[in-house]
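Structure at a glance
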Amino acid sequence: MKYRTIGTDPKTRREVSVLALGAMLFGSRTDEETAFAVLDRYVEAGGNFIDTSDNYAFWIDGGQGGQSEELLGRWRRSRGIGGEIVIATKLGARPLAPGTSYVDNAEGLSAKVIREAAERSRERLGVDKLDLLYAHVEDHAVPLRETVEGFAELVAEGTVGLLGVSNHAVWRVERARSIAAAAGLPGYEVFQYAHSHLRPRYDVPDDLFPDGSLGHAGPDILGYLREEPGLTLVAYSPLLKGAYTHPDRLPADFDHPGTPARLQVLREVARETGASVNQVVLAWQIGGTLPIIPLAGVSSVAQLEENLAAIDLELTEEQRARLDGAH
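Here the residue numbers are simple positions, counted from 1 along each chain's written sequence. Residues qualify for local features only when their pLDDT is at least 70, as the model is predicted, and side-chain atom pairs are given and counted only at 80 or more; totals for whole chains, interfaces and linings, by contrast, use all residues. Calculation of side-chain values draws on the structure's entire complement of heavy atoms; hydrogens and water are dropped beforehand.

1. Quick look at the overall build of the protein
In DSSP terms, a helix is any run of H or I states spanning at least four residues, a strand is any run of E spanning at least two, and both are numbered starting from the N terminus. Tallying secondary structure elements over the protein gives 11 helices and 10 strands in all. Both definitions apply: the radius of gyration is a C-alpha atom measure, and the globule rule equals 2.2 Å times residues to the power 0.38. In summary, the protein has a C-alpha radius of gyration of 19 Å against a globular reference of 20 Å for 327 residues, a match within 12%. Along the longest, intermediate and shortest principal axes, the C-alpha atoms of the protein span 55 × 45 × 40 Å. For every residue, the accessible area (1.4 Å probe, protein chains only) is compared with the maximum for its type, and the residue is labelled buried under 20%, exposed over 50%, or partly exposed between those bounds. Residues classed as buried in the protein amount to 54% of the 327 residues present.

2. Considering a nonpolar patch on the surface
Taken together, Met24, Trp59 and Ile60 make up a surface patch of nonpolar side chains, about 240 Å² in accessible area. In this structure, methionine 24 sits in the loop between strand E3 (20-22) and helix H1 (32-44). For patch building, the residue pool is restricted to those with more than 30% relative accessible area and no salt bridge; the joining distance is 9 Å between like charges and 5 Å between nonpolar side chains (Val, Leu, Ile, Met, Phe, Trp, Tyr). Throughout, the Shrake-Rupley method with a 1.4 Å probe supplies accessible areas, and for residues the shown protein chains are the sole cover considered. The salt bridge criterion pairs a side-chain nitrogen of Lys or Arg with a carboxyl oxygen of Asp or Glu, the two atoms within 4 Å.

3. Brief notes about the packing of H1 against helix H3 (residues 67-79)
Put simply, H1 and H3 touch, their axes get as near as 11 Å, and they point 60 degrees apart. Our classification of the angle between H1 and H3 gives oblique. As H1 packs across H3, the resulting crossing turns out to be right-handed. Of the residues in H3, those in contact with Glu32, Ala35, Phe36, Leu39, Asp40 and Val43 of H1 are Leu71, Leu72, Arg74, Trp75, Ser78 and Arg79. Classifying every residue of the contact of H1 with H3 gives seven nonpolar, one polar and four charged. Axis lines are fitted through C-alpha atoms, for helices just across the contact stretch, and the angle between N-to-C directions can take any value from 0 to 180 degrees. Any angle that falls under 35 degrees is termed roughly parallel, while one over 145 is termed roughly antiparallel, one within 65 to 115 roughly perpendicular, and all others oblique. Note: crossing handedness is left-handed where the near helix turns anticlockwise from the far helix by less than a right angle, and right-handed where it turns clockwise. Contacts are assigned to residue pairs with any non-hydrogen atoms lying within 4.5 Å of each other. Charged residues are taken to be Asp, Glu, Lys and Arg, nonpolar residues to be Ala, Val, Leu, Ile, Met, Phe, Trp, Tyr, Cys and Pro, and polar residues to be all remaining types, Gly included.

4. A short note on the sheet that holds E3
Around the barrel, eight strands lie side by side as E3-E4-E5-E6-E7-E8-E9-E10; this closed barrel has parallel pairing. Between one strand axis and the next, the sheet turns through 30 degrees on average, direction left out of account. Strands qualify as paired when DSSP identifies two bridges or more between them. Of the strand pairs in this sheet, strand E7 (residues 160-166) and strand E8 (residues 190-194) are connected by three bridges, and their pairing is parallel. Bridge pairing in E8 places valine 165 opposite phenylalanine 191.

5. Comments concerning the side chain of threonine 232
On the secondary structure map, threonine 232 appears in strand E9 (residues 232-236). Here threonine 232 is in contact with Arg4, Thr5, Ile6, Glu189, Val190, Phe191, Leu225, Pro291 and Ile293, once residues within four sequence places are set aside.

6. Observations concerning helix H9 (residues 277-286)
Within H9, 10 of the 10 residues are buried, which leaves the element mostly enclosed by the surrounding structure. Along H9, the residues classified as buried are Val277, Asn278, Gln279, Val280, Val281, Leu282, Ala283, Trp284, Gln285 and Ile286. Where the residues of H9 are buried, they touch strand E1 (3-6), E9, helix H8 (259-273), strand E10 (292-297), helix H10 (301-309) and helix H11 (317-325).

7. Description of the pattern of salt bridges
Evaluated as defined, the whole model comprises 18 salt bridges. Its salt-bridge partner being lysine 11, residue aspartate 9 comes within 3.4 Å of it at the nearest N-O pair. Classification of aspartate 9 as partly exposed rests on a relative accessible area of 28%. Overall, the relative accessible area of 68% leaves lysine 11 in the exposed class. Residues arginine 177 and glutamate 228 are paired through a salt bridge, measuring 3.5 Å at the closest nitrogen-oxygen approach. Here arginine 177, found in helix H6 (residues 170-182), pairs with glutamate 228, found in the loop between helix H7 (219-227) and E9; they are 51 residues apart in sequence, far enough to count as distant. Judged by its relative accessible area of 30%, glutamate 228 is partly exposed.

8. Things to note about the pairing of E7
Counted residue by residue, E7 has seven buried out of seven residues, so it is predominantly covered. One ladder, built from five bridges, connects strand E6 (residues 130-135) with E7; its direction is parallel. Residue tyrosine 134 lies in a different strand from E7, and its bridge partner there is glycine 164. Note that the unit made of E6, helix H5 (residues 144-157) and E7 has a crossover that is right-handed. The parallel pair E7 and E8 is bridged by H6, and the resulting crossover is right-handed. If you view a crossover with the strands going away from you and the path from the first strand over the helix to the second runs clockwise, you call it right-handed.

9. Focus on the packing of H8 against H9
For the pair H8 and H9, the least separation of the axes is 9 Å and the interaxial angle reads 100 degrees. Classed by the angle they form, the pair H8 and H9 counts as roughly perpendicular. Contacts from Arg262, Leu266, Arg267, Val269, Ala270 and Thr273 in H8 reach Val277, Val280, Val281 and Trp284 in H9. For the contact of H8 with H9, a count of residues per class yields seven nonpolar, one polar and two charged.

10. Notes on the packing of aromatic side chains
Aromatic ring pairs are defined here through the distance separating the ring centres and the angle between the ring planes. Aromatic pairs are defined between Phe, Tyr and Trp rings, using the six-membered ring for Trp, whenever the two ring centres lie within 6.5 Å; interplanar angles under 30 degrees are classed as stacked, those over 60 as edge-to-face, and all others as tilted. For the structure shown, the criterion picks out six aromatic pairs. Ring geometry for phenylalanine 151 versus tyrosine 188: centroids 6.2 Å apart, planes at 75 degrees, classification edge-to-face. Linking phenylalanine 151 in helix H5 with tyrosine 188 in the loop between H6 and E8, this pair joins segments that are 37 residues apart in sequence. Per residue, the accessibility class of phenylalanine 151 equals that of tyrosine 188, and both read buried. Where phenylalanine 191 meets tyrosine 193, the ring centres are 6.4 Å apart and the plane angle is 75 degrees; that geometry is what we call edge-to-face. Note on phenylalanine 191: relative accessible area 0%, which makes it buried. Chaining the aromatic ring pairs together yields one cluster made of Tyr56, Phe58, Trp59 and Tyr102.

This is the structure:
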């Protein structure tokens, strides 16, 4: 396993594996026996960076979520897992009532919610401290200062370590970080956005983002990482939910003229290296110049093994140049 540092403060920064494990469907679509087997193998391989959220996976049963955190808590207790495993979770997008969603009825990012939701997450996970806590989605009803101060209070109390942000407009991220810096408070240091080798159209709106996607790491996020040492991108959906091997799963916003060329280069490099296309994508992210940690969810140990093998896949500079330049 290889590792990289997330965070800059010696008191809260952590060394984490370069491949993060997504636990979104653990305890719901992925049964406990399978989830435990995946978690055990991941840790055996040296993995120590697991991702969840307080709302995973509410859409499976129409509830409010929490199954993933609860399963991770049971796994931690049964295996005697302590602080050596970094578990990241998120708050802000848990539905306030069953049958609703984060689009129409999210818990939000008020100081009260941040405190109470973080406490519930600690209870479900069975931890005294959340190693990394993200603001999951934007909350336009709460002043950014209140959100910033709410997170900072938990860091000061020692119940939260690092702070992160996901699915926010870059200007809101920068404004929140500026508020924190001016007040001498901890700010967001880990970004979690969708990122893969194929690039989507960023102008396609949906229910949550009426002006176009804020969930993908586009040029603004990548440029931010390039200019701000100490930030890290945790890239969710790096394998596009299996679309590289099942093209029928490719989301509609990837259906544009730039996709075939990037797919062609991926397949060429896969043939040259003897690796799978999935492994090339992960290796491209892990070994690039930007601080990117792919966050890949799996539903079997076999899928995990394929992903783990990507860590040791070394791409040549020429192959990277082709992958970077394809359009």
